[in-house]
Amino acid sequence: MPRLFLGLDSSTQSLSAILIDYDARKVVYDHSLNYDKALPKYGTQNGVLPHPNPLVKHSPPQLWADALDLMFQQMKRDKVALGETLAVSGSGQQHGSVYLKADGTFARPTSPIWMDSATSVECAEIRQALGGLKATAEATGSDTFERFTGPQIRKFFKAERNAYEQTAHIALVSSYMAGLMAGKIAPIDHGDGAGMNLMAIRKKKWHPRALDATAPGLARKLPPLAESWKVIGPVHPRFGLNKNAVALVWSGDNPCSVIGLGLIKAGMVAISLGTSDTLFGYMEECRTDPNGEGHVFGAPTGDYMTLICFKNGSLAREKVRETYRLDWDGFNRALASTPPGNNGAIMLPWFEAEIVPRVNKPGIHRFDLDEKNAAANCRAIIEAQMMSMRLHSQWMQVKPARIYATGGASVNTAILQVMADVMNCPVARIEVAKSAALGAALRAAHGYAAHAGQKPKWQEIVAGFTDPIPGSEIKPNPKAASTYDKLIEKYANCEKRALAP
Ligand code: XUL
């Protein structure tokens, strides 16, 4: 009998399922269900409820529960071998919260999700109570952020005190869904727990002062924290899995993606080049960002991961390409026609307010760079993005041994060469379409083995599922790399000047 493991991903717009045949090292089922289309009665747009205040972004938690039932109906119709499936885990969009009364009904019919940014006041209050930005990041892994669960809970407590009082249990999207699979209240894993501003990042326990700063009586409403491989219990029989199948805790989508991208030991870093560029790093030792710009979450291996999001990614690359009326071939020729280091020309491409570094006022800054020189501007944007990633990930003190590039722009080898040269490390391409769902399925395989008393090795778990594209590795050019070792100092000074009050 093949050993099958199921990974589910409850994301903002859809629920996905990936079933893996562990011995064949193959994904044998892959299906997604779009919330707006499958469950139109909830009136969501891209999974989110319309709201007059653009800062408020909520979704109906009942929608996520219904989607889970629909997914299992679909899998039965598709004759998926559920009866042979031995374990299930999942991934949830991070930070979103679900509020339940003691009888299991909702104390709050809608759930704030990660796109919500209506809690600036509460962020400031909690940050102050924890001793400021640096101390908050040091204590909880991140500075307070509007989408993080603690500030969201505080806002709920302040605005709807009665409903807060009636709340017996606060879940994350991940723990809510895990609870449905097991038919009981589920713990919150250390990966997703770190996205709340409520967990002591090093001790991996609820942080008493953070809880007090957030809302009274909160400790009683939160479930226990657990390691990411914790088995909650048998899977509820209504799902039709193997009678011995176990339900694992779920984690956040970013921790699950770290596994789905194969980042399982120190020195492994992935960079996703998408609308925004995101750096995922694996850390053995917990270090936090003193500037409070990057996040530290628990990694599902029991170590740590970082997530650093640069907003001006593809968005900015496209802007420069369009400004100089180039297609991508023309852009790449421009890159090839200019030397690494760009003769000292620097651009700060803040087309939109930037997350890292924190830039509230958008603007393009040029230093020793002629705006009319198309080729130099093409090189400048790519070099700026890569130098910014290098500079703003230094606090991790992780020297990448190899970078795994993914996302739309990672097909562009000219861009990856600049990445390899600036980071001075080889870059390989990896294409995993649903890294969070795959990561969840791999976590299920790992958790099942651990539960059976084996000592599963992550390297063996991910092998064959998360390998980079053969022959895609790009090596750094030593001469270019040493140019960037010097240029990065100038780049850092340019940032300082542009950000000076
Ligand atoms: C991470 C974050 C997003 C969501 C997306 O901090 O807010 O990546 O997890 O689902």
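In this text the structure is predicted, and so the values were computed from the model without any measurement.

**Quick look at the overall build of the protein chain**
Right, so step 1: Of the regular secondary structure elements, the protein chain holds 18 helices and 23 strands.
Right, so step 2: Here the C-alpha atoms of the protein chain give a radius of gyration of 23 Å, agreeing with the 23 Å that 2.2 N^0.38 yields for 501 residues.
Right, so step 3: Its C-alpha atoms give the protein chain principal-axis dimensions of roughly 65 × 55 × 40 Å.
Right, so step 4: Of the contacts made within the protein chain by residues no fewer than 6 positions apart, 73% connect residues no fewer than 24 positions apart.
Right, so step 5: Positive and negative side-chain charges in the protein chain, numbering 56 and 47 respectively, have mean positions lying 2 Å apart.

**As for the environment of H392**
Right, so step 1: Turning to its location among the elements, H392 is positioned in the loop between α14 (374-391) and β22 (402-406).
Right, so step 2: Note: C-alpha distance between H392 and G294 (98 residues apart in sequence) is 8.2 Å.
Right, so step 3: Not counting the four nearest positions on each side in its chain, H392 is found in contact with E293, I308, F310, V356, P357 and E495.
Right, so step 4: Here the side chain of H392 touches E495 through a polar contact of 2.9 Å, side chain to side chain.

**As for the sheet that holds strand β16 (residues 268-273)**
Right, so step 1: Overall, mixed pairing links the 6 strands, which are arranged β18-β19-β17-β16-β22-β23 in an open sheet. The sheet terminates laterally at β18 (295-298) and β23 (427-429), the two strands that pair on one side only. Each neighbouring strand pair of the sheet contributes to a mean axis angle of 25°, computed without reference to strand direction.
Right, so step 2: When β16 meets strand β17 (residues 277-283), the two strands line up antiparallel, connected through 5 bridges. Paired with S272 across the two strands is T278, which belongs to β17.

**Brief notes about the nonpolar core**
Most often, soluble globular proteins keep nonpolar side chains buried together rather than apart.
Right, so step 1: L198, I271, L273, M386 and M419 are the most contacted members of the largest nonpolar core, which totals 120 residues.
Right, so step 2: The element contributing the most residues to this core is α14, with 11 residues.
Right, so step 3: Sequence-distant contacts of M386, defined by excluding residues within four places in its chain, comprise L273, I415, V418, M419, V422 and M423.
Right, so step 4: Core analysis: the second largest hydrophobic core is formed by 43 residues, Y29, Y35, L100 and V235 among them.

**Some points on the site of the ligand**
Right, so step 1: Neighbouring residues of the ligand: Q93, Q94, H95, W114, R147, D253 and N254.
Right, so step 2: The separation between an oxygen atom of the ligand and a polar side-chain atom of H95 is 2.7 Å.
Right, so step 3: Measuring from an oxygen atom of the ligand, one finds a side-chain N or O atom of N254 at 3.1 Å.
Right, so step 4: Across the complex, the protein chains shield 86% of the 290 Å² of accessible surface that the ligand would expose by itself.
Right, so step 5: A per-class count over the shell around the ligand returns 1 nonpolar, 4 polar and 2 charged.

**Details of helix α13 (residues 328-336)**
A turn of α-helix holds 3.6 residues, and therefore any two residues three or four places apart point the same way.
Right, so step 1: Turning to α13, its buried residues are G330, F331, A334 and L335. Seen from one end, α13 has its buried residues packed into an arc of 145°, which puts them on one side. Exposed side chains of α13 directed beyond 90 degrees from the buried face belong to D329, R333 and A336.
Right, so step 2: Here the buried face of α13 lies against α12 (314-323), α14 and α15 (413-423).

**Comments concerning the pattern of salt bridges**
Right, so step 1: Here the structure, examined in full by the defined rule, presents 20 salt bridges.
Right, so step 2: Here D23 makes a salt bridge to R3, at a shortest N to O gap of 2.6 Å. Here D23 is found in the loop between β2 (14-21) and β3 (26-34), whereas its partner R3 is found in the segment before β1 (4-10), with 20 residues between them in sequence.
Right, so step 3: Residue D485 pairs with R390 through a salt bridge whose shortest N-O separation is 2.9 Å. Within this pair, whereas D485 is found in helix α18 (residues 478-499), its partner R390 is found in helix α14, the two being separated by 95 residues in sequence.
Right, so step 4: Beyond isolated ion pairs, a larger network of salt bridges with shared partners links E122, E125, R154 and K158.

**Comments concerning helix α3 (residues 120-129)**
Right, so step 1: Every buried residue of α3 is listed here: E122, C123 and I126. Seen end-on, α3 carries its buried residues on one side only, within an arc spanning 105°. Among the exposed residues of α3, those oriented more than 90 degrees off its buried face are V121 and Q128.
Right, so step 2: Where α3 is buried, its residues contact α5 (149-159) and α9 (208-214).
Right, so step 3: Downstream of α3 by one or two residues, G131 has phi in the positive range, about 95°.

**So, unusual backbone geometry**
Right, so step 1: The peptide bond linking V356 to P357 adopts the cis configuration, its omega dihedral lying at -10°.
Right, so step 2: Position of P357 among the secondary structure elements: in the loop between β20 (346-350) and β21 (363-367).
Right, so step 3: Although it is not a glycine, K79 adopts a positive phi angle of roughly 55°.
Right, so step 4: Tracing the sequence through the fold places K79 in the loop between α2 (61-77) and β5 (85-92).
Right, so step 5: According to the relative accessible area criterion, K79 is exposed, its value standing at 72%.
Right, so step 6: A positive phi angle, near 50°, is found at D368, a position not held by glycine.
Right, so step 7: Counting through the fold element by element, D368 comes out in the loop between β21 and α14.

**Here we look at the packing of aromatic side chains**
Right, so step 1: For the structure on display, the rule yields 10 aromatic pairs.
Right, so step 2: For the ring pair F72 and F239, a centre distance of 4.7 Å and an interplane angle of 55° mean the geometry is tilted. Note that F72 is positioned in helix α2 and F239 in the loop between β13 (231-234) and β14 (246-248), a separation of 167 residues in sequence.
Right, so step 3: Judged by relative accessible area, F72 falls into the buried class, the value being 2%.
Right, so step 4: What makes F239 buried here is its relative accessible area of 1%.
Right, so step 5: Through successive ring pairs, a cluster of aromatic residues spans Y99, F156, F157 and Y164.

**Quick notes on the packing of α14 against α18**
Right, so step 1: At a minimum axis separation of 10 Å, α14 and α18 run at an interaxial angle of 90°. Of the possible angle classes, the one that applies to α14 and α18 is roughly perpendicular. Facing R379, E383, A384, M387, S388, R390 and L391 of α14, the residues of α18 in contact are Y484, D485, L487, I488, Y491, A492 and E495.
Right, so step 2: Split into classes, the residues belonging to the contact of α14 with α18 amount to 8 nonpolar, 1 polar and 5 charged.

Scoring rules and cut-offs
- Residues numbered from 1 in each chain as written.
- Predicted model: local features only at pLDDT ≥ 70, side-chain atom pairs only at ≥ 80, totals over all residues.
- Heavy atoms only, no water.
- Helix = DSSP H or I, 4+ residues; strand = E, 2+ residues; numbered from the N terminus.
- Rg over C-alpha atoms; globule rule 2.2 N^0.38 Å.
- Contact = heavy atoms within 4.5 Å.
- Lys, Arg positive; Asp, Glu negative; His and termini not counted.
- Charge placed at Lys NZ, Arg CZ, Asp CG, Glu CD.
- Polar contact = N/O pair within 3.5 Å; in protein donor to acceptor, adjacent residues only side chain to side chain.
- Pairing = 2+ DSSP bridges.
- Axes fitted to C-alpha atoms, helices over the stretch in contact; angles between N-to-C directions.
- Core = buried A, V, L, I, M, F, W, Y, C linked by side-chain atoms within 4.5 Å.
- Buried < 20%, exposed > 50% of the residue type's maximum accessible area, 1.4 Å probe, protein only.
- Near = heavy atom within 4 Å.
- Areas by Shrake-Rupley, 256 points an atom, 1.4 Å probe, with all protein chains shown as cover.
- Nonpolar A, V, L, I, M, F, W, Y, C, P; charged D, E, K, R; others polar.
- Arc of directions from axis to C-beta.
- Salt bridge = Lys/Arg side-chain N within 4 Å of Asp/Glu carboxyl O.
- Phe/Tyr/Trp six-rings, centres within 6.5 Å; stacked < 30°, edge-to-face > 60°.
- Parallel < 35°, antiparallel > 145°, perpendicular 65-115°, else oblique.

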